[in-house]
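Letter by letter, the chains look like this.
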Amino acid sequence: MKKLIAKNIFIITILLFYLTANSQTNPEKIALSKQYVENNQYKEAKEFLQNLLKDDSENSEILSIYGFSLLKLGETDSAILYFEKSIKLNQNCALCYAGLAKFCYEENPEKANKYLEKATNIDPTIPFIYYVKGLIFRKNKEYDKAISEFSKALYFDNKNLDYLFERGGTYMLQNELHKAITDYQNILKIDILDSKTHYYLAYTFMMNNDLEKAETSIEDAIKADSTNAEYFNLLFSILYQKKEFYDAESALFKSLEINPDDFNVYINLGDLYFQANQYDAFCEAYQKALEKIPATDKAMISEIKTKTDKFCNKNSDAYFYLRSQGLFSEGKYNESIEMANRGLKINKQSSILYNLKSSAFIAQNKFVEAEIETNNSLLNTNNLEKEINLYQAVQLTPEQIVSMKNSYIARIYFQKAIIQLVKQDYDNSLQSLNTGYELATKEKTFPGIEFFHILKSINYIAMGNIKTAETSINAAHKSNPKNPICSLFTAYYLLFSACEYVPVNLQFEYNEDIKVPRIILPTLSIKVEQKSNLQDAILLCDRLIQRYPKNPYSYLIKAKAMQLLDVLNYQEIAKEAEELGVKDVYKELNIKK
């Protein structure tokens, strides 16, 4: 995070109260200069006071006001000079000592503390003293003491924007985010157009994982000042976390319009493209970053070059792995297979590339081809650790590599179980699932563990073992109760548990959206004693349709349950399933269209 920059606003009323003025200048003119300062017209104040100093160069009050105007205009060296001149004329200028302490506290805290001691001895009620003390404590990472001092300053002046701003920043460093948010919001009640405060408020909301409010706040900052590249960089970070990649990209382009030489923006742009599977664009952005990084930053150059050598070099295994994976994610399965084949010409022992081919064939319901590639993947798992280390964008620990290896092999066995299920080889399918599940459960963060239970439930339904199917589907819910696929297959279970069917006639269809095969609905005859299960299936499908209206299988199961219960309008529900992609819905319902 950038270093917080204080606004250094002196309280004019206190300044004028504590400075003595043996003025030889017209009081009305001095009053006018004060008015300029009070209205934040520092340039006008400076010009006006320059003329006053020509006639009265030894007036401590004019010197103080002039020094303050220079301070606000960023002319710090000159401001110090005029504060020192004022002190020579007025040894009791407590605020002047506090001002000098502010300027030297970073490089010479001992000297700053001496100035503050003088100021406190003269008048301990000046809030600016405690403000500077707070800055010193924060510099030393004594955050509790810093907050205490800023709070003292606010006790004497509870509407000072500087004091609120610095205390808010210190609360943020302490991770007391709600208190930081309160201070920033109090500033904006006084100055709604303060873009810097909107920026830090947005940053704090982001740290608090409140991305919606963070986005609103940074947009307010940009409305107040659209020339600050950092505002667009923060907007990118927020949108990136929200996975709104298109708008995140636009934010980075805005940042580059303001500062086209910021290599960090090109790195962020590259990372965005990497996340979005746009690997050629990733390579282009990283190459731009390499052109912009200063030659002295050898560590950064080395880090970026390592990634471009790995992912942008057509002689690298990782080049083809990433692109094959990206094409698969886009649903371009044949292109994914072709890219994997190109990679296998370089490395014929790539377990991961064989697994990607298997996944692409399964997604197309080409299970004969998928079985060949799955077996090839399993034959080459001894190379997995080397491959994982090669393909990852970040450096992994040995423990992480072993963990990822277990996860990869678990997924290979899961895919093998899918193929065996489709072949009606249920015993071996369950054995593959058990092998994969054992590996998956070694990893605490394995994603999708519930799918092992779902696939087991399908096997048991296919074997006519309804009771065990129920146990498996309940285990899926327990593993991840938020996954709607668990509820979908609960509806399948309820449908089949309520009916008689011939297991040997079952057929299966894979759909990448649900990650597991489904049973193509066979001829079913209702068990009267299980009629309530069909009603439960309909209610469950209704809930799924309400939450996920684009999933066709909820409509299909509902239509079948309604048909079995002789509900007249089931064909209208069947039509919804057809329109959403179930091509043979009427065949599955055993009716004419």
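Thresholds, definitions, all that
Residues numbered from 1 in each chain as written. Predicted model: local features only at pLDDT ≥ 70, side-chain atom pairs only at ≥ 80, totals over all residues. Heavy atoms only, no water. Core = buried A, V, L, I, M, F, W, Y, C linked by side-chain atoms within 4.5 Å. Buried < 20%, exposed > 50% of the residue type's maximum accessible area, 1.4 Å probe, protein only. Helix = DSSP H or I, 4+ residues; strand = E, 2+ residues; numbered from the N terminus. Contact = heavy atoms within 4.5 Å. Pairing = 2+ DSSP bridges. Salt bridge = Lys/Arg side-chain N within 4 Å of Asp/Glu carboxyl O. pLDDT = per-residue confidence, 0-100.

1. Some words on the nonpolar core
Point 1. Ranked by size, the top nonpolar core spans 176 residues in total, and within it I218, I454, I458, F489, Y492 and F496 carry the most contacts.
Point 2. Counting residues per element, this core draws most heavily on helix α28 (residues 484-497), which supplies ten residues.
Point 3. Setting aside residues up to four positions removed in sequence, F489 forms contacts with I454, I458, I473, I514, V516, P517 and R518.
Point 4. Of all hydrophobic cores here, the second largest spans 15 residues; its members include A45, I65, F68 and A79.

2. A short note on the pairing of strand β2 (residues 507-510)
Point 1. Side-chain alternation along β2 places F508 and Y510 on a buried face and Q507 and E509 on a face that remains uncovered.
Point 2. Looking at chain direction, β2 and strand β3 (residues 517-520) are connected through four bridges and run antiparallel. Looking across to β3, one finds that Q507 is bridged to I520.
Point 3. Two successive antiparallel strands, β2 and β3, enclose a turn made up of six residues, where K515 displays a positive phi of approximately 70 degrees.

3. Thoughts on the pattern of salt bridges
Point 1. Applying the stated criterion across every chain yields a total of 22 salt bridges.
Point 2. For E588, the salt bridge goes to R518, with nearest N and O atoms at 2.6 Å. With E588 in helix α32 (residues 585-588) and R518 in strand β3, this pair connects stretches of sequence that are 70 residues apart. Considered together, E588 and R518 belong to a single accessibility category, that of buried residues.
Point 3. One continuous salt-bridge network, built from bridges that share partners, spans E212, E215, K242 and E244.

4. A few points about the confidence of the model for the protein
Point 1. Mean pLDDT over the protein works out to 91, with 95% of the residues at or above the 70 mark.
Point 2. No element of the protein has a lower mean pLDDT than helix α1 (residues 12-18), which averages 38, and none a higher one than helix α26 (residues 450-462), which averages 98.
Point 3. Considering only residues more than four positions removed or in separate chains, one finds that residues 1-24, a stretch of pLDDT under 50, has 72 contacts.

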